[in-house]
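If you want the building blocks of each chain, they are given just below.
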Amino acid sequence: MIKIADFTLFFFIFVFSPSLPLAQSQLPDLDPQDKASLLIFRVSIHDLNRSLSTWYGSSCSNWTGLACQNPTGKVLSLTLSGLNLSGQIHPSLCKLSSLQSLDLSHNNFSGNIPSCFGSLRNLRTLNLSRNRFIGSIPPTFMSLKELGEVVLSENRNLGGVVPHWFGDFSMNLERVDLSFCSFVGELPESLLYLKSLKYLNLESNNMTGTLRDFQQPLVVLNLASNRFSGTLPCFYASRPSLSVLNLAENSLVGGLPSCLGSLKELSHLNLSFNGFNYEISPRLVFSEKLVMLDLSHNGFSGRLPSRISETTEKLGLVLLDLSHNSFSGDIPLRITELKSLQALRLSHNLLTGDIPARIGNLTYLQVIDLSHNSLTGSIPLNIVGCFQLLALMISNNNLSGEIQPELDALDSLKILDISNNHISGEIPLTLAGLKSLEIVDISSNNLSGNLNEAITKWSNLKYLSLARNKFSGTLPSWLFKFDKIQMIDYSSNRFSWFIPDDNLNSTRFKDFQTGGGEGFAEPPGKVEIKISAAVVAKDELSFSYNLLSMVGIDLSDNLLHGEIPEALFRQRNIEYLNLSYNFLEGQLPRLEKLPRLKALDLSHNSLSGQVIGNISAPSGLTILNLSHNCFSGIITEKEGLGKFPGALTGNPELCVETPGSKCDRANIDASQEEIYQNELVEGPISIWIFCLSAFISFDFGVLGIFCSARARSYILQTKA
């Protein structure tokens, strides 16, 4: 009965009360003076997307990006982020006297920041990031006493010295973001003592001076990519608050102070690309809240710290990057206790011993990079426990053993790089299960055998290198099957027979053509794969694998015969082609259909005939080597071979004209006639010698067979 009465009362108030819906519909009309100022601003800028076409009438709610005060209609907030607006800011905007928040970010506004912004005395938030503002911070900003947040980042031509008063003009200033600009000079001392400051981002400027300690409880400090020097302070005032500390890419030196372990809220620490050195003290243990630790590209030495941070069931390191240092000794087993780890990068150190067998306990791992060390032993079978693994890079070590068939369990793997080791055996057929592979580099090992069709299942391949192994047999017909391939390198093996032309008729290497039709853009010179590991709700860590490589094919230093497939010279995106040191025959195909070709090496083969067409036709061709073949004829000056000295040496029947010497065409014609006559004479003689040798071989073969008692017995038995 009580519930029914309550509901009836609510229904009566909602339906029959005339004041409630009326209050909701009474939205304020835009203040006339503010309206006039906004309309002047609108006509002074370029609005390509007509985003401000709603700016008409008097109702504040209809105007894009506006929030008004009730009941005065004065503009309190103007948010025009990401609307593709351009032009210079008209001073009329400075007449919005009640404005508290101004966000013009992610546009193309240019010119100086208007000095009249200093008249916006009620302004609390100013965001002008990602525009094209120039000049410096106006001194009139000193009047903005209520300002709590100023974001001027990503205006590359905005700079100068950060004003000395920047930490004094507003006692409410909590957030300062001047990142990715062109600020120079030292950090203003006033910022070191501004009690309200919690967030300071000066990343990617050109600021200098000795790094000093801050005297307020910061939450985020990002001074990366500057030229700060000195040693690392302890940040005592920020012990209870500092969450992100990024000092990467500076000129800091010295050791890593143990007092950093007292930063109990620290979640991100990036000290990469500095001059830090010495051993890391075993007393330095970070809290369980640390999720990212990047000490890469420094001079740290000694053994890897056995205990890096505290761990719990739900918290712990997600990314650990100690690469490009001078750490030595074994990989500590306690690293395999970092259960939350998603990226482990220990490359380019002096590490020895085996890869820990318990690495498979790290079931969240997505990236393992142990390359460029002196690790021994084999690839531990337990690694298949890292079933989410996307990148396995263990190249340039002393690893041995064979590729285990069980590795097919890593079916999410995109990058497999085991090059420059001592791994032997064959490629297991089970690896057909690795269908996500995009980059495979197993070069410079002792792998052998014929290629099996497991490779054909890697349909996403962009880069494949089997170079400098002991593979043999014929090149498979599926060699050019991969739709997304950018580079194939089978060089320095023992492949024989012909170059297959299967799958070449439908032009390969086409996915890297970024343009359309005849006007195409330059294809990428590298393969880049980004792997992101979620750290906290709104944060991501990005891992990029950059492989510098031209788009092309390398089949050099094998035992290949026959002619070069004509279709190979119709792959318009090819930049690099190396077929040298084989036994290839036939004529040189025309190069006009390889407009992007930068390097061509067909040397040390048996190619013959005249060089037809302009062999230097591709405008970007920088390397050309056709030496040590059997080419003949004359190469004139206009062929443009002057920039390729020695490109045609070792072709005795070929004459190359230079500015100082011309070819004697009579001698060339006589020489060609002599070769032709010799071929006419030698032809019948060669046939007669072949027939004679065949008869003698057959005669002696029959005689040899009948001289064998077992053969005679077998033949007589079959006749009987």
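For every chain, the first residue of the written sequence is number 1, and numbering continues from 1 onward in sequence order. Local features in this predicted model are restricted to residues whose pLDDT is 70 or higher, and side-chain atom pairs enter the listing and the counts only when it is 80 or higher, whereas totals over whole chains, interfaces and linings include all residues. For the side-chain quantities, the full set of heavy atoms in the structure was used; hydrogens and water were omitted.

- Per an unreviewed UniProt entry, the protein chain is named Leucine-rich repeat, and its organism is Arabidopsis suecica.
- UniProt positions are given in the numbering used here, feature names are shortened, and annotations may be inferred rather than shown by experiment. In the Subcellular location (unreviewed entry) part of its UniProt record, the protein chain is described as follows: "Cell membrane".
- According to its UniProt record, the protein chain has this under Sequence similarities (unreviewed entry): "Belongs to the RLP family."

**A word on the overall build of the protein chain**
For step 1, the next point in the chain: Only DSSP runs of H or I covering at least 4 residues are called helices, and only runs of E covering at least 2 are called strands; the numbering of each starts at the N terminus. The helix and strand inventory of the protein chain stands at six helices and 46 strands.
For step 2, the next point in the chain: Think of it in three bands: residues with accessible area under 20% of the maximum for their type are buried, residues over 50% are exposed, and the middle band is partly exposed, with areas taken using a 1.4 Å probe on protein chains only. Evaluated residue by residue, the protein chain yields a buried proportion of 48% over its 720 residues.
For step 3, the next point in the chain: Within the protein chain, residue pairs in contact and separated by at least 24 positions form 50% of the contacts whose partners lie at least 6 positions apart.
For step 4, the next point in the chain: Carbon and sulfur atoms form 54% of the exposed surface of the protein chain, whose accessible area is close to 34,000 Å². Residue contacts follow a heavy-atom distance rule, with two residues in contact if any of their heavy atoms lie within 4.5 Å. What sets the accessible areas is the Shrake-Rupley method with a 1.4 Å probe; for residues, cover comes only from the shown protein chains.

**Considering the environment of Phe-286**
For step 1, the next point in the chain: For Phe-286, the location among the structural elements is in the loop between β20 (275-278) and β21 (292-294).
For step 2, the next point in the chain: Since its relative accessible area comes to 4%, Phe-286 is described here as buried.
For step 3, the next point in the chain: Taking the C-alpha atoms as reference, Phe-286 lies 9.8 Å from Gly-316; in sequence the two are 30 residues apart.
For step 4, the next point in the chain: Those residues in contact with Phe-286, other than ones at most four positions away along the chain, are Leu-260, Leu-266, Leu-269, Leu-293, Ile-308, Ser-309 and Glu-310.

**Some points on helix α3 (residues 32-44)**
For step 1, the next point in the chain: Taking 1.5 Å of rise per residue, 13 residues should cover 18 Å, and α3 covers 19 Å from first to last C-alpha, within 8% of that figure.
For step 2, the next point in the chain: Every buried residue of α3 is accounted for by Asp-34, Ser-37, Leu-38 and Phe-41. Angularly, the buried residues of α3 cover 95° about the axis, an arc narrow enough to put them on a single face. Opposite the buried face of α3, at more than 90 degrees from it, the exposed residues are Pro-32 and Val-43.
For step 3, the next point in the chain: Those residues of α3 that are buried are in contact with β2 (66-68), β3 (75-79) and β6 (108-112).
For step 4, the next point in the chain: Nitrogen and oxygen atoms within 3.5 Å of one another constitute a polar contact, given that in protein one can donate a hydrogen and the other can accept it, and given that sequence-neighbouring residues count only through two side-chain atoms. The residue sitting at the N-terminus of α3 and contributing the capping side-chain oxygen is Asp-31; that oxygen lies 3.1 Å from the backbone nitrogen of Gln-33. The span you would expect from a helix comes to 1.5 Å times its residue count less one. The directions from the helix axis to the C-beta atoms form the arc being described.

**Some points on the sheet that holds strand β43 (residues 608-610)**
Strand pairing within a sheet occurs via backbone hydrogen bonds; the two strands may be parallel or antiparallel.
For step 1, the next point in the chain: Two strands make a pair as long as DSSP finds a minimum of two bridges between them. Judged by pairing direction, the sheet is parallel, and its three strands sit side by side in the order β43-β45-β46 without closing on themselves. If you trace the sheet from one side to the other, it starts and ends with β43 and β46 (653-656), each paired once. Ignoring strand direction, the axes of neighbouring strands in this sheet form an average angle of 25°.
For step 2, the next point in the chain: When β43 meets strand β45 (residues 630-635), the two strands line up parallel, connected through three bridges. Among the inter-strand pairings, Gly-609 is bridged to a residue of β45, identified as Phe-631. Only C-alpha atoms enter the line fits that serve as axes; for helices the fit covers just the stretch in contact. Angles between N-to-C directions range over 0 to 180 degrees.

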